[in-house]
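# Understanding the architecture of this molecule
The residues making up each chain are set out below.
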Amino acid sequence: MPIHILPDAVASQIAAGEVVERPASVVKELLENSLDAGASKITILIQQAGKQLIEVSDNGTGIPAVEVSLAVTRHATSKLASAADLFAIRTLGFRGEALASVASVSRSTLTTRTQTEETGSRLVVDGGDGGRLERLAYPVGTTVRVENLFSNVPARLRFLKTDATERQQVHSLVTRYALAYAGVQFTLLDDGKTVLQTSGSGDRREVLASLYGVDTARQMLEVVFNDGEFAIEGFTSPLALTRSNRREMTFFINGRWVQDTSLNAAMVQAYSGLLMVGRFPISVLFIQLPPEEVDVNVHPAKAEVRFRNSDRVFSAVQRAVRRAVMAYSPIPAIPPQKLWGPAAAQSGVSLPQATGLDWQFAREAGLSGEGQPSVPQAALQAATIPESLPAGSLPLLRLIGQIGATYLVAEGPDGLYLIDQHAAHERVLFEKLMKQRSTEVIMQPLLQPVNVQLAPHQAASLADSLDALNSLGFLVEEFGGSAFRVRALPAVFSSSDPETLLRAVIEEIEEDESPMQSEIEARIASRVCKRAAVKGGTVMTQEEQLALLRDLEKCQSPRTCPHGRPTMIHLSVDLLERQFGRRGSR
Ligand code: ADP
Ligand code: MG
């Protein structure tokens, strides 16, 4: 084939691949256009996860009739004149690509009117082919209607995730923009259902409540920082409120939602030493910097940015958040003195790492070095589970008692066992739950059903998993909007708090997108068991200790918790003799 210039329609489709990857990216581009047009009211409709329809209407400036067909032309923009402007961008758009790209992979209808015009105009573009401009009565503002997205690029359709995932992406995108632009009234309708409605009052905490629920929103700490040039504001979670993934760390730079690993890292660093390993904060930060400090033209979708001085941004974020967290740290529920007595605290006995909070308290009191229970290093290495015992069986253990309100001490025929009560209980609950599932699920109806208010994107994923939950013994039903009602729990959890369990389930569902059904059940089960299991730092009665030990002996895999961590440390007679110099070289 000789070299030739690609027809415009083909070039547009190629370019479109970079800008519009999925329904949520279309919504993002259209939203950004509405915001750039100064809209104070934006309504978003999607149908069939946006594949059938995406429509964004605003009451912004509108587009003059003579410019409408230009607006859907590639590299046509009203926001940028010269390359030099690139480093002083104050609008969300500037590449002049979005409308053309969207129009080349869908059937798009642009309807608009400006303040100074008497009538509105409408243009339909089907797969890149523009029709004739029509004049019609229309209020000031713009509506972009995108139908049959990707129907002319079937390959891209096949790359889309499940409808639930695509919808969730749209929901979480719109909610985040609603939060960033709290002064704008947003409405999001998904298949006719109102998923989000903000008042446009400018109160971010109000929007936060629709994203994370009222309880969470109330607990979030305020972040404020200003050094004259950099300004940061927003919210971050207290130590007791964490997630198991990094997905809930959101950053806006100069009003633009960006994904940036160094910002994530700064956030994690701000909490370093305060959260348990594998837990992450929830945060939404709005960072303002002089436009010349940030290059937004790194990627066509404008989701990545480059900073002129990234260390400075990193340290500003880290300091601002750290300060907020330290200033608001609440007094932990169980002061260490209660558990250990003041004498122990002074003598530097290390505390168990019960919860992030207790641990932080301990650190501040100058107690535990690493926050880990102190077991001699040599003992730890030698104390691996003996190979001689067949996996899955424990010898009969004689309970000696509980130490530090966290470990059980027991004696077996071959030495001493230290059992982590939390990990052990997790294992016991997990096996009970999985076992009843294969025979008959035993549900325990709640005397008082419990309503739980979720964020819209969480509600969407939970709704898809109700069957999986049901086969584990949870009876959960939709309760209007993004609320759910818990009617029954698996009998093994009868003494647990239904809401806590449900939230654990959601965390697990959010972790992965399309796992196998059987797999997701096991993962949900393990997450829920972790939440329901007796915590370290809980004093147990002798009967409870005994029951736990007996239950553990009955387990198939008693030596690890469902997440793979050990439930026990075994100090064999042999090891003890060696450590005391009764035998061997030492
Ligand atoms: P960009 O936003 O990068 O300029 P787009 O392709 O998204 O490129 O939009 C092209 C132009 O169409 C914009 O520069 C703007 O002038 C106009 N436009 C698009 N959407 C709207 C809207 N909702 N309200 C007013 N003008 C709009
Ligand atoms: Mg744009």
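The rules behind the values
Residues numbered from 1 in each chain as written. Chains lettered and ligands numbered in written order. Predicted model: local features only at pLDDT ≥ 70, side-chain atom pairs only at ≥ 80, totals over all residues. Heavy atoms only, no water. pLDDT = per-residue confidence, 0-100. Contact = heavy atoms within 4.5 Å. Pairing = 2+ DSSP bridges. Helix = DSSP H or I, 4+ residues; strand = E, 2+ residues; numbered from the N terminus. Axes fitted to C-alpha atoms, helices over the stretch in contact; angles between N-to-C directions. Buried < 20%, exposed > 50% of the residue type's maximum accessible area, 1.4 Å probe, protein only. Polar contact = N/O pair within 3.5 Å; in protein donor to acceptor, adjacent residues only side chain to side chain. Near = heavy atom within 4 Å. Areas by Shrake-Rupley, 256 points an atom, 1.4 Å probe, with all protein chains shown as cover. Nonpolar A, V, L, I, M, F, W, Y, C, P; charged D, E, K, R; others polar. Left-handed = near helix turned anticlockwise from the far one by under 90°. Core = buried A, V, L, I, M, F, W, Y, C linked by side-chain atoms within 4.5 Å.

### Side note on the confidence of the model for the protein chain
In the predicted model, the protein chain carries a mean pLDDT of 82, and 87% of its residues have values of at least 70. Predicted confidence for residues 330–391 stays below pLDDT 50, and this span has 78 contacts to residues more than four positions away or in other chains.

### Some thoughts on the sheet that holds strand β18 (residues 407–412)
On the basis of which strands lie adjacent, the open sheet formed by 4 strands has the order β17-β18-β19-β23 and antiparallel pairing. Looking along the sheet, the strands with just one partner apiece sit at the ends: β17 (398–403) and β23 (568–572). Within this sheet the neighbouring strands show an average axis-to-axis angle of 20 degrees, counted without direction. Contacts from helix α19 (residues 542–553) reach β17, β18, β19 (415–420) and β23, with the element oriented near 120 degrees to β17.

### Quick word on the side chain of Glu553
When you line up the elements, Glu553 lands in helix α19. What makes Glu553 buried here is its relative accessible area of 16%. Polar side-chain contacts of Glu553 include one of 3.0 Å to the backbone nitrogen of Leu397. At a separation of 3.0 Å, a polar atom in the side chain of Glu553 contacts the side chain of Arg550. In this structure, Glu553 is in contact with Leu394, Pro395, Leu396 and Leu397, ignoring residues within four places of it in sequence.

### Re the sheet that holds strand β11 (residues 231–236)
Taken in spatial order, the 5 strands of this open sheet run β10-β11-β14-β12-β13, and their pairing is mixed. Only two strands of the sheet have a single neighbouring strand rather than two, namely β10 (221–226) and β13 (256–258). Here the strands of the sheet are splayed against their neighbours by 20 degrees on average, with no regard to which way each runs. Relative to strand β14 (residues 283–288), β11 runs antiparallel, the two sharing 6 bridges. Bridge assignment links Gly234 to a residue of β14, and that residue is Leu285. Contacts from helix α7 (residues 204–212) reach β10, β11 and β14 within the one sheet, and its direction differs from that of β11 by about 40 degrees.

### Quick word on the site of ligand 1
Around ligand 1, a shell composed of 20 residues is seen, among which Asn33, Thr77, Ser78, Lys79 and Gly96 lie nearest. Asp58 places a side-chain nitrogen or oxygen 2.8 Å from a nitrogen atom of ligand 1. A distance of 3.2 Å separates an oxygen atom of ligand 1 from a polar backbone atom of Ala98. In the complex, 93% of the free accessible area of ligand 1, which totals 530 Å², lies under the protein chains. For the shell around ligand 1, the secondary structure elements donating two or more residues are α2 (23–36) and α4 (98–104). Of the residues belonging to the shell around ligand 1, the class tally is 7 nonpolar, 9 polar and 4 charged.

### Some remarks on the packing of helix α9 (residues 261–270) against helix α10 (residues 310–328)
Packing of α9 against α10 brings their axes to within 8 Å, and their N-to-C directions diverge by 35 degrees. The chirality of how α9 crosses α10 is right-handed. Each of Ser262, Leu263, Ala265, Ala266, Met267, Gln269 and Ala270 in α9 lies in contact with α10, whose residues at this interface are Val313, Phe314, Val317, Gln318, Val321 and Arg322. Among the residues making up the contact of α9 with α10, the classes are represented as 9 nonpolar, 3 polar and 1 charged.

### Looking at the nonpolar core
The biggest cluster of nonpolar side chains holds 56 residues, and the ones touching the most others in it are Val27, Leu31, Ile42, Ile44, Ile54, Val174 and Phe186. Residue contributions to this core peak at 7 residues, all from helix α6 (residues 163–180). Formed by 35 residues, the second largest nonpolar core is a distinct cluster that contains Ile89, Phe230, Phe307 and Val325.

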